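# Tertiary structure, described
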Amino acid sequence: MGNKIAKILVVGAGISGIRAALDFADIGYQVCVVEKSPAVGGILLQLDRQFPNNHCGMCRMLPMIDRDVCSQFCLRRGLFHDSISVHTSTEVVSIEGNPGQLKVVLSRQPRGVDSELCNFCGKCEEVCPVSVPDTFNEGLGERKAICLPVPHQTSGPYSIDWASCTKCGECEKACPTGAVKLDNEHETFDMEDVAAVIIATGTKLFNPDSVDLYGCGEFPNVVTSTAFERIISSSGPFKGSLVRPSDGREVKKVAWLQCVGSRNLMIGADYCSSACCMFAIKEALLAREKMSKDAETVIFYMDMRTFGRDFQRYRDRAEKESGVRFVRCRVHSIEPGENPDDLRLKYVDSSRKTVEEDFDMIVLSTGKEPGRKLPDYASHEGVFVADSAKGLKDISGSVIGAEVAAGRASRMLKNLGIMPADKDKDQKSAGQSKAFEERPRVQVVLCECGVISDAGSLLDGIESELEKFPGRLDIVRVKSLCRKEGWDKVKQIIRDGSANRLVFAACNKNVLGPKIKELEEDTEIFDSIVESADIYSGDERSIDSLIKDLDMAVSRLRSRRALFEHSQPVTGSALVIGGGPAGLSAALALADHKIDVFLVEKSETLGGNLKYIIDKELRQSIEEILNKVEGNPRIKIHKEAELITSSGISGNFTSKIQMKTGEQKTILHGVTILATGGTAAETDSYSMDDHERIVSLFEMEKLVNDASFSGQAVKSIVMIQCAGTREEPRNYCSRVCCIKSLNNALKIKQIHPDAEVYIFYRDIMTYGDSERIYTEARKKGIVFIPFDIDTKPEVLVESGGLLVKGIDPVLGVPVELKPDWLSLAVGVVPNFIKDLVKIFGIETTQDGFIKEADSKWRPVDTGQEGIFVCGLARAPARADEAMKEGEAAAQRALRILSKNEIIPQRLLARVRHSICSMCSLCIEVCPFNARYIDTAEGKIMVDIASCQGCGTCAAICPNSATLIVDFEDDGIMNVIEAAL
Amino acid sequence: MTMYAILETNNNPSETIRSVLKNMLSEKLVDVVLVPFKTEYSSLPMPTLIADPEKMLQAQPLAPAAPFNAARQAASVLRYPTGKKVAVVLRTCEIRALIELAKLKQCVLDEAILIGFDCMGRIENDSYLEMAAQEEDITTSFYADSSMQDRITGICKACEYFQPYGADLTICLLGMPVMEKIGLMAGTEAGENIIKSLGLSTVEQPEGREVAANSLLQKRTEARDKLFSETSEKIKDIEKFQKTIANCLNCYNCRNACPVCYCKECVFLTDVFAHEPEVLQRRAAKRGAVKLPADTTMFHMTRLAHMSHACVGCGQCSSVCPSSIPVADIFRTVSAKVQELYNYVPGRDISESIPYLVFEEESSNGK
Amino acid sequence: MSDEFEPKIIALVCNWCTYTAADLAGTSRLAYSANVRIIRLMCTGMIDPKYILKALLDGADGVFIGGCHPGDCHYINGNLKAKKRISGISKIVEQFGFDPERLRLRWIGASEGPEFQRNMNEFFESIKALGSTPVRDRMIL
């Protein structure tokens, strides 16, 4: 491991840990990530595809601006970043000291294999006599005691599972490079001067083996949802075919049982794990892709908690288009079926009949493990805990939670006067290297290997072929490139020679990768002018075939050329549009980082929906931020003002706002945060307008919290959830209604204990810890009556009174209620922002919410770099969630605002203006809106902050007027030629 | 209802159109007119930008010749809005190319008045010059004597797009006794305004037009299909194709003549194909021998990749080929399949997106 | 080496998914033909039609294009753009006697090492059945 001074310590290398680490690295800090397991990636390593779009896209978490410091590589295969050092198999023992100067004691378990020497040849695994159930595949299939802990990761070397290792020494003998060391003494070490610590240890999933009624561990075909992921994974134990573990038979019928380990008071799990419902639907959809048409997928649930913005439509599609069956019933036990490999479920269906049904496989939707507490050091000052370490979060929740924790830590550091290293200064752009000033001179380094005995004759053959190449090639042989001696020799050769391009003919390139980075520090060589060909791994190959690989490498290098883009200055201020909870918290988070903020609010007051919020604690927290914002000299507040124009690119926007008086003001800013909010929806369902005692749940909240309510005679109150929502055209859950209705109901019960409260609901969406409110409501005797979209209750206004007709869920008979009040959960809608959408060129969903760049991985970015979104403008959210999103948006914005200028990266599109015909096809195809016409110059320009170098512009440009550095047309075609 | 006016021709249809164009200028309905024009030095009609109504005398709006596809010249006049109205008199293939160029942001058609005519085809430049040496007014004889119309280029004979698309005004010759009268038809509001402002009396569209169009279409389609099948035969395998283009000199005339090859500089002239000596030598070493200039086949096929969706079949590429390679036949044949794949007709409609800019969002499972 | 026809295959793969899958196939020792030459690009959306023409005219028996599953593209939808462009180029080359089967576009995700191997083997077999490219041993002008 490197000797870098770790300024920030991130504990846990799952989604949250990676996000927090990248956030800090992005704003210039050195980060050290410690991870208990031997691999980076967390639970995502086991999941190929995730909801709500059944894709992965984890790579979208990678830096988008300073990309050169981070490898452009699938994140499920490892995290490589110049400012991030990763310690796997390492745990925190203790944390002491003051924030800014923490001392952390860490304990590391040796991997048993030296990462510098291991070349992934796999000989150790072949000879290892110990086979144990494959933990990565959740116990399905077997692996050796020495193995790659995550088969698809080659970021770390092979690793020994000490629990099963017998130390027989076979692997040590077999290892050709002497990388295996059978020493498992734990090593404790200190890390001093840690500025802050982020706890992102994630959540452990419930182990259902303890619930004997489900027979997990006993029936092989009862599996957890994670095991199911491994079964359908192409890298899993069954290579992606959906078969059952007991007999390998194709699965024709599979059921998911929800809330295993969650929402279960018996095991102290009075919470909802929040992610399992969507997880199950996703698994059912993935299963359906693998199964035959007549196969069946059934989800048994209590409430289908589709509380995310687009989740309800996802569920509806699963049900209607993909034929996933949903059964509302908590199944209590699993029994073997007729055939002992089959599994039998007994349940009550919607017509209240008891049904017995056999399945091939049953998946237990396991949630968060109950009773798990954060370690004591988590509450140490200077330690920040990401949300996902507190409870199970879906991906966007984990990402936002990590951004919030990172943001709070960096605010503290700013306050303490601790600054990241000045990044702009020492970041040199690789494109300006001397290597490109001269004609390419290629040095070929042939590794003589220290292991393979007949390498010499192979190299003779290669060398004589290489000599036939036209042009000058310097060829040299070096012994054992994988060892320090070999590598030192390489450095010597580079320093002494005149070559400006380097080709290695050695073994696995994963072995060379980190070493090439090292070259950058010691020589003029950097990774863009280095290529390697693997001549040793795999089956024996013909000289001709090896020569082709080398020819390709040489061709690739000869065509590499310099980068000509210039850096882009950054205006270090922010524009926040909307002064509600989300906007306020974003503005304050930025101001706390000493950034000037322009806060523009349409109405005459700040606070947004604060005026409707009754909950005392929540009010206080918003008011506190509001006061801080109003008293902050860095925040310029413009009330009764509206944005009228905005132009520019990330880091450099010019906007104009107009006050109510007609006065206009021009604002220069580096980023824009949209926090335009939302409001209570209107509905005409359930005769909303026909009676004064039919009110929205927001009005109901006001009513029950009013002092006069106790004086009212209240005998019965009915609440109907999802009024006009969760069906087209407003087919989404508003997230706030269930909790609010339940709180209202409890308040009514508190004031009028004898009053009857009925809640008609479709699915109660008390996700996370708010489940407790639901539990309490049931305890307090509030009556819950479920209904479906086809069996909605009926509301009639009769002789001045209200009549609500529904169906009793237990008896199935009609019930008629005559409530004093009827409260309708109308939900929320985003504020109307068509004008802003047009000004910023961003997209909205069909419901008018602003679309994120990626709903999982980049939840507060918009498709336009430099423009961010948070709060109700993005999706339904509680005020506390909206405020967190505001902080997350501010944290994302800091990536840009913390820089004086945006440095061009190696991988960028470039326009050769002299031959550009300005046809603008490139502008139209660019997925990042990274291109624009500079009207003054009459040129097509590339916004280097937005351009990711994907090359779709270059592909559509007919005359290569636009090209991607390192992937120029001539280079690629020369490589193709060399390959044939 | 389409606005339609009848114009008397008195055995000189060219003169009739000239006077219409002249009136458009003198009535200030347009500021300039781009129209084929016979210069003092040659009989070939050259696209010429006319501002002075008196200069219209030498215009040859209906000349059955086109030394090149004038879409590029029209585009250069219309590169960006200038606040002036520009009328352009173009053949159908030229209008279609112009519309493609507009999609490629090479010009803006907002201020343009597109005037097209029922195209009876063009005669190759050398034949035209030969004929011009013998005859004063080829245009009139071309329309008076239908046997002369058999002398048009092979690619014109196979062109089914003889009626203008999207023109503001169409000079209607189909089904008309051209020596007596022709039609002027408005296709847009701008066109109608011009007919009104010129004070032309309007009538219902004569019935003969459609019948004549259909019969010509049938003839042209037959010729086209014959061309396709004969050309397919010439390129159907790489051996045959190599023979067909064997005499290509890499002069790039075809690309220069192509109205939809809009690049400022062709990629084949850039560093992308300026191979280093090492590359050429390595190529020779690997294959034993390499013909230079290299990449002849690559050139033609790349050009197809770039513009086959937009090929309007004007035939200029064949006309300019010094080695008599049937470039146009090949491009039309290959392009037809590409255009069919994308259900795309170049120049049909300016609002129709270029195929490569639209792509279906697939469902998650890729099925 | 035997005289049996061994197809020469160019695989143009995207950095994020298919290249990763290829790498995984390699480290997992999932064998496929040594005559497959993998060329890593950042995205299939980067594939200029020229690359395909170049490969075919230089004597590739098959050109395999591998990208992320729709929706997984690191660059949002480069793979779908590629699909559209490739359909056009396929239509062109087929008219010059290149069997469209010589061009194959597939989506292979980063963790689908076995899928990569399977696809390579299938493509290899199908090209083998098609026989050598028509440009083999010909001087292409």
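Residues numbered from 1 in each chain as written. Chains lettered and ligands numbered in written order. Predicted model: local features only at pLDDT ≥ 70, side-chain atom pairs only at ≥ 80, totals over all residues. Heavy atoms only, no water.

### Some thoughts on the overall build of chain A
- A count of helical and extended segments in chain A gives 22 helices and 48 strands.
- Taken over C-alpha atoms, the radius of gyration comes to 31 Å for chain A, in line with the 30 Å a tight globule of 980 residues would show.
- A principal-axis box enclosing the C-alpha atoms of chain A has dimensions of 105 × 80 × 60 Å.
- When each of the 980 residues of chain A is scored for burial, the buried share is 63%.
- Of the roughly 37,700 Å² of accessible surface on chain A, 49% is carried by carbon and sulfur atoms.
- Averaging the positions of the 121 positive and the 141 negative side-chain charges in chain A gives two centres separated by 1 Å. (Helix = DSSP H or I, 4+ residues; strand = E, 2+ residues; numbered from the N terminus. Rg over C-alpha atoms; globule rule 2.2 N^0.38 Å. Buried < 20%, exposed > 50% of the residue type's maximum accessible area, 1.4 Å probe, protein only. Areas by Shrake-Rupley, 256 points an atom, 1.4 Å probe, with all protein chains shown as cover. Lys, Arg positive; Asp, Glu negative; His and termini not counted. Charge placed at Lys NZ, Arg CZ, Asp CG, Glu CD.)

### A short note on the interface of chain A and chain C
- Tallying the contact residues gives 57 residues for chain A and 49 residues for chain C.
- Here chain A meets chain C over a buried area of about 4,300 Å², counting both sides, of which 60% is carbon and sulfur.
- Here chain A and chain C share four salt bridges between them.
- Looking at the side of chain A that touches chain C, the elements that each hand over two or more residues are α11 (509–522), α12 (543–558), α21 (952–956) and α22 (969–979) of chain A.
- Residue composition of the side of chain A that touches chain C, by class: 28 nonpolar, 17 polar and twelve charged. (Contact = heavy atoms within 4.5 Å. Buried area = accessible area lost by both parts, 1.4 Å probe. Salt bridge = Lys/Arg side-chain N within 4 Å of Asp/Glu carboxyl O. Nonpolar A, V, L, I, M, F, W, Y, C, P; charged D, E, K, R; others polar.)

### A short note on a nonpolar patch on the surface
Residue and element names in this part refer to chain A.
- On the surface, a nonpolar cluster with roughly 300 Å² of combined accessible area is contributed by V810, L811 and V813.
- As for its placement among the helices and strands, V813 is situated in the loop between β39 (801–807) and β40 (814–817).
- A residue is classified by how much of its surface remains accessible, and V813, at 38% relative accessible area, is partly exposed. (Patch = residues over 30% accessible without salt bridge, like charges linked within 9 Å, V, L, I, M, F, W, Y side chains within 5 Å.)

### Remarks on the domain arrangement of chain B
All names here are of chain B.
- In terms of domain boundaries, chain B breaks down into domain 1 (3–221) and domain 2 (235–357).
- With 25 residues of domain 1 at the interface, the matching set in domain 2 holds 27 residues.
- Regarding the contact of domain 1 and domain 2, the summed buried area is about 2,200 Å², with carbon and sulfur atoms giving 55% of it.
- At the junction of domain 1 and domain 2, the tally comes to one salt bridge.
- With a shortest N-O distance of 3.1 Å, E160 and R332 are connected by a salt bridge.
- One can count 17 residue pairs in polar contact (both at pLDDT 80 or more) joining domain 1 with domain 2.
- Within the residue set of the side of domain 1 that touches domain 2, elements represented by two or more residues are α2 (71–77) and α3 (92–103).
- If one sorts the elements of the side of domain 1 that touches domain 2 by residue count, α3 sits on top with eight residues. (Domains from an automatic or database assignment. Polar contact = N/O pair within 3.5 Å; in protein donor to acceptor, adjacent residues only side chain to side chain.)

### Section: empty space enclosed by the protein
- Here the largest cavity defines a volume of roughly 380 Å³.
- Along the walls of the largest cavity sit 26 residues, with I956(A), P958(A), Y262(B), H306(B) and M307(B) positioned nearest its centre.
- Elements represented by at least two residues in the lining of the largest cavity include exactly α21 of chain A together with α12 (296–307) of chain B.
- Here the element with the most residues in the lining of the largest cavity is α12(B); it accounts for six residues.
- A per-class count over the lining of the largest cavity returns 19 nonpolar, four polar and three charged.
- The calculated volume of the second largest cavity comes to roughly 180 Å³.
- Lining of the second largest cavity is provided by 13 residues; of these, D551(A), S555(A), N974(A), V279(B) and R282(B) occupy positions nearest its centre.
- Taken together, the residues that form the lining of the second largest cavity break down as four nonpolar, two polar and seven charged. (1 Å grid on protein atoms, 1.4 Å probe; cavity = no way out; pocket = protein on both sides within 12 Å on 5 of 7 lines; lining within 4 Å. Points joined across faces, edges and corners; volume = space filled by probe spheres on them.)

### So, a negative patch on the surface
- On the surface, E682(A), D684(A), D689(A) and D690(A) cluster together into a patch of negative charge.
- Relative to the helices and strands, D690(A) is located in the loop between β33 (678–680) and β34 (694–696).

### Let's talk about the nonpolar core
- The biggest cluster of nonpolar side chains holds 222 residues, and the ones touching the most others in it are L590(A), L98(B), L12(C) and F96(C).
- Looking at this core, you find at least three residues from each of domain 1 (3–221) and domain 2 (235–357) of chain B.
- Not counting residues up to four positions away in its chain, the partners in contact with L98(B) are A71(B), A74(B), A75(B), L78(B), V88(B), L90(B), C107(B), L109(B) and L114(B).
- Within the second largest apolar cluster, 54 residues are counted, among which are V33(B), M131(B), F142(B) and I152(B). (Core = buried A, V, L, I, M, F, W, Y, C linked by side-chain atoms within 4.5 Å.)

### Focus on helix α1 (residues 18–27) of chain C
- Burial of α1(C) is extensive: nine of the ten residues sit out of reach of the surface.
- The elements touched by buried residues of α1(C) are α11 of chain A together with β1 (9–14), β2 (36–41), β3 (62–67) and α4 (113–130) of chain C.
- The first or second residue beyond α1(C) is R29(C), which carries a positive phi of 55 degrees.

### With respect to the sheet that holds strand β12 (residues 222–224) of chain A
All names here are of chain A.
- With parallel pairing, the five strands of this open sheet are ordered in space as β12-β19-β13-β14-β15. The strands lining the two open edges of the sheet, one partner per strand, are β12 and β15 (325–328). The average undirected angle you get between the axes of adjacent strands in this sheet is 25 degrees. (Pairing = 2+ DSSP bridges. Axes fitted to C-alpha atoms, helices over the stretch in contact; angles between N-to-C directions.)

### Quick notes on the state of the cysteines
- All chains considered together, the criterion is met by zero disulfides over all chains.
- In this structure C251(B) is a free cysteine whose sulfur lies 6.2 Å from that of C321(B), the closest cysteine sulfur available.
- A relative accessible area of 33% places C251(B) in the partly exposed class.
- There is no disulfide at C263(B), and the cysteine sulfur nearest it, in C957(A), is 6.5 Å away. (Disulfide = S-S within 2.5 Å.)

### A closer look at the pattern of salt bridges
- Under the defined criterion, the tally for this structure stands at 107 salt bridges over all chains.
- Close ionic contact of E289(A) with R49(A) constitutes a salt bridge, the shortest N to O distance being 3.1 Å. Taken together, the positions of E289(A) in helix α5 (residues 276–290) and R49(A) in the loop between β2 (31–34) and β3 (84–87) put the pair 240 residues apart, joining distant regions of the chain.
- What makes R49(A) buried here is its relative accessible area of 16%.
- Of the charged contacts, one joins E15(B) and R18(B) as a salt bridge, the two residues approaching to 3.0 Å between their closest N and O atoms. Here E15(B) and its partner R18(B) are both found in helix α1 (residues 13–26), three residues apart, which amounts to about one turn of the helix.
- By relative accessible area, which is 34% here, E15(B) ends up partly exposed.
- Through salt bridges that share partners, R263(A), D303(A), R305(A), R315(A), E319(A), R328(A), R726(A), D763(A) and E771(A) make up one connected network.

### Focus on unusual backbone geometry
- With an omega dihedral of 5 degrees, the bond running from E728(A) to P729(A) counts as a cis peptide bond.
- Tracing the sequence through the fold places P729(A) in the loop between β35 (716–720) and α16 (737–751).
- Here the residue pair L292(B) and P293(B) is connected by a cis peptide bond, since its omega of -10 degrees sits within 30 degrees of zero.
- You will see that N54(A), though not glycine, has its phi angle at about 60 degrees, which is positive.
- Position of N54(A) among the secondary structure elements: in the loop between β2 and β3.
- Residue N54(A) is classed as buried on the basis of its relative accessible area, which comes to 4%.
- A positive phi is found at S799(A), a non-glycine position, where the angle reads about 35 degrees.
- By relative accessible area, which is 82% here, S799(A) ends up exposed.

### What to know about the side chain of R305(A)
Residues and elements named next belong to chain A.
- You can see R305 is positioned in the loop between β14 (296–301) and α6 (311–320).
- Owing to a relative accessible area of 2%, R305 belongs among the buried residues under this scheme.
- A polar atom in the side chain of R305 sits 2.6 Å from the backbone oxygen of I764.
- Among the polar contacts listed, one links the side chain of R305 to the backbone oxygen of T766, at a separation of 2.9 Å.
- When sequence neighbours within four positions are dropped, the list of residues in contact with R305 reads R263, C272, C277, M278, I764, M765, T766, Y767, E771 and Y774.

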